[in-house]
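# Observations on chain architecture
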Amino acid sequence: MAHWLDTNASSSTFNSTTFAATSTLSINTGAATINGGTFHGPIDINMSGAGNTTGTGNATFNSTVKFTNSGTGYFRTNGNMTLMALPNLWQVEVVIFI
C-alpha cells in the first residue's frame, strides 16, 4: 500500500488529482485546499495553521475521510463533495473535528 505523507507542510493543495485505492493519505498541514480530485483510498487531513482556506470542492471520496482542524483558521469547500464507498453508501465514515 502506498502512503502519501506531507508532514508539517505550510500548505497542501489538491487540484483534480486521482489517488489509487492502494494509497493512504495522512497529511498534517498548515492549510488544506481541495479543488477537485478522486480519492479511492483512506484520507486523513489535519489542518493546523491560522490561515483560512476555501477550496472549490468537486471531489469524490471512495473510502474513509477524516478532516481535523486543530488550528485557528477555517477549512471550507464550496460543495459538490461526493462521499461514497462501494458497494454500500453506509460504509463511508466521515469524521470532522473543529
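See the structure above.
Residues numbered from 1 in each chain as written. Predicted model: local features only at pLDDT ≥ 70, side-chain atom pairs only at ≥ 80, totals over all residues. Heavy atoms only, no water.

### So, the packing of aromatic side chains
The criterion, for reference: Working definition: a ring pair exists when centres of Phe, Tyr or Trp rings (six-membered ring for Trp) sit within 6.5 Å. Plane angles under 30 degrees give stacked, over 60 give edge-to-face, the rest tilted. Here's how the labels work: a residue is buried when its accessible area is under 20% of the maximum for its type, exposed when over 50%, partly exposed in between, all with a 1.4 Å probe on protein chains only. Here, a charge over a ring is recorded when the distance from Lys NZ or Arg CZ to the ring centre is within 6 Å and its angle to the ring normal is within 35 degrees.
Summed over the entire model, instances satisfying the criterion amount to six aromatic pairs. Centroid distance F61 to F67: 5.9 Å. Interplanar angle 85 degrees. Geometry classified as edge-to-face. This pair shows no difference in class: F61 is buried, exactly as F67 is. Relative to F75, the ring of F67 has its centre 5.2 Å away and its plane inclined at 35 degrees; by these criteria the two rings are tilted. Given the relative accessible area of 24%, F75 is considered partly exposed. These aromatic residues form a ring-pair network of at least three members: F14, F19, F39, F61, F67 and F75. Stacked on the ring of Y74, the Lys or Arg R76 has its end atom at 4.1 Å from the ring centre.

### Concerning the nonpolar core
Operational definition: Here, nonpolar core refers to any group of buried Ala, Val, Leu, Ile, Met, Phe, Trp, Tyr and Cys residues whose side-chain atoms link them within 4.5 Å. A helix here means a DSSP run of H or I that spans at least four residues, while a strand means a run of E at least two residues long, and both kinds are numbered starting from the N terminus. In this analysis, two residues are considered to be in contact whenever any of their non-hydrogen atoms come within 4.5 Å of each other.
Grouped together as the largest cluster of nonpolar side chains are 14 residues, with contacts concentrated most on F14, L25, I34, F39, I43, I45 and F61. Only β2 (12-19), β3 (23-29), β4 (32-39), β5 (43-47), β7 (57-61) and β8 (65-69) provide two or more residues apiece to this core. Setting aside residues no more than four positions away along its own chain, F14 makes contact with F19, L25, I27, T33, I34, N35, G36, F39 and I45.

### Observations concerning the environment of P42
For P42, the position within the fold is in the loop between β4 and β5. The class of P42 is partly exposed, set by a relative accessible area of 27%. As for P42 and S63, which are separated by 21 residues in sequence, their C-alpha atoms are 5.1 Å apart. Once residues lying within four places of it in the same chain are set aside, the contact partners of P42 are S23, T24, L25, S63 and T64.

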